[in-house]
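An overview of the molecular structure
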Amino acid sequence: MATKIAIQGIKGSFHHQVAQEYFGKEVAVDECLSFEELVSSVLSGKSDQAVMAIENSIAGPIIPNYALIDKNNLHIIGEHYLDIHQNLMALKGQTIQDIEEVHSHPMALLQCMEFLKQYPHIKIVEDKDTAETARRIHEKQLKGIAAIASKVAAEMYDLEILAPEIQTINNNMTRFVIIDKEQSVLATNEINRASIKFELDHKRGSLAAVLNVMSDCKLNLTKIQSLPKIETPWKYSFFVDVTFEKYEDYAKAKALIDIMAEYFKVLGEYKNTKP
């Protein structure tokens, strides 16, 4: 039976593009309009694995997604980087001056804000998904409304690109993770990246001590983000990504942090594919 992959959004979305690049063009997908729905698809067994955006080079980490992975005890088993190219599109035969509203995902709108500022007559409307907006314009033949989405979405939903490559920064990359109910089965000599979570006692120097352990064990800290524990005021969880050359170095750091932290959890151990 073919593997089914949950994606946030519909066919033509960036998540769909990642699924095709990672698993192959013919991959079967479950289209989910929210990340919560995507997680449910994996947990229920409707999908075998999922593709989830986790970090953008402009907008930063998508912390709620780390929290979703953690809360539902899912595992990160891989990653994929995608160059994001945003395009303004609408029904054929219109110009930008004809456009009254532009609809897209908040992240896509944020990435194109400098371009949109040039057209103050256009109302900005946040939507659930880039490609879903493009499909709705096509299906309902909505004039005066534009979408910001991928070139693939424009082709798939027969829209005209009024302005290509409108992202503010050309080097705009999103990191996606592959998530599963089961842990990765990679050999340790293939693993050179990990995502971990820990909680520390609220006392001076506790975080510095953990960071020193990472440094001493030759781990490269690629991201650290704190998230408040809602049920415990002034207590924070730290979500950290590290890369390393030798799994043994990481294993040593992991054992030490496990002793030092009040709570420690591995979200995933996988292969670093950063270009």
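Bear in mind that the values here come from a model prediction, so they are computed numbers and not experimental data.

Counting its secondary structure elements, the chain contains nine helices and 15 strands. Rg of the C-alpha trace for the chain: 21 Å, near the compact-globule value of 19 Å for 275 residues, within the 12% margin. For the chain, the spread of C-alpha atoms along the three principal axes comes to 65 × 45 × 35 Å. For the chain, the proportion of its 275 residues judged to be buried stands at 51%. Intrachain contacts of the chain at a sequence separation of at least 6 include 73% that bridge at least 24 residues. Just so you have it, the chain exposes about 13700 Å², and 51% of that area is on carbon and sulfur atoms.

On the surface, a cluster of nonpolar side chains totalling about 200 Å² of accessible area is made up of Leu211, Leu221 and Ile224. With respect to the element layout, Leu211 can be found in helix H8 (residues 206-216).

Here we come to the UniProt feature "domain: ACT" (unreviewed entry) in the chain. Cross-referencing UniProt, the feature "domain: ACT" (unreviewed entry) maps to residues 195-275 in the present numbering. Spanning residues 195-275, this segment combines 31% helix with 37% strand, and its end C-alpha atoms are found 18 Å apart.

Glancing now at the packing of aromatic side chains. This model, assessed by the stated rule, comprises seven aromatic pairs. Ring centres 6.4 Å apart and planes at 70° place the aromatic pair Phe244 and Tyr247 in the edge-to-face group. Neither Phe244 nor Tyr247 differs from the other in exposure class; each is buried. Between Phe244 and Tyr250 the ring centres are 4.7 Å apart and the planes differ by 5°, which places this aromatic pair in the stacked class.

What follows is about empty space enclosed by the protein. Scanning all chains against the criterion turns up one cavity of 30 Å³ or more. Here the largest cavity defines a volume of roughly 30 Å³. Around the largest cavity sit Ile196, Met214, Leu219, Tyr250, Ala253, Lys254, Ile257 and Phe264, which together line it. Within the lining of the largest cavity, the residues separate by chemical class into seven nonpolar, no polar and one charged.

Procedures and definitions
- Residues numbered from 1 in each chain as written.
- Predicted model: local features only at pLDDT ≥ 70, side-chain atom pairs only at ≥ 80, totals over all residues.
- Heavy atoms only, no water.
- Helix = DSSP H or I, 4+ residues; strand = E, 2+ residues; numbered from the N terminus.
- Rg over C-alpha atoms; globule rule 2.2 N^0.38 Å.
- Buried < 20%, exposed > 50% of the residue type's maximum accessible area, 1.4 Å probe, protein only.
- Contact = heavy atoms within 4.5 Å.
- Areas by Shrake-Rupley, 256 points an atom, 1.4 Å probe, with all protein chains shown as cover.
- Patch = residues over 30% accessible without salt bridge, like charges linked within 9 Å, V, L, I, M, F, W, Y side chains within 5 Å.
- Salt bridge = Lys/Arg side-chain N within 4 Å of Asp/Glu carboxyl O.
- UniProt positions renumbered as here; feature names shortened; annotations may be inferred.
- Phe/Tyr/Trp six-rings, centres within 6.5 Å; stacked < 30°, edge-to-face > 60°.
- 1 Å grid on protein atoms, 1.4 Å probe; cavity = no way out; pocket = protein on both sides within 12 Å on 5 of 7 lines; lining within 4 Å.
- Points joined across faces, edges and corners; volume = space filled by probe spheres on them.
- Nonpolar A, V, L, I, M, F, W, Y, C, P; charged D, E, K, R; others polar.

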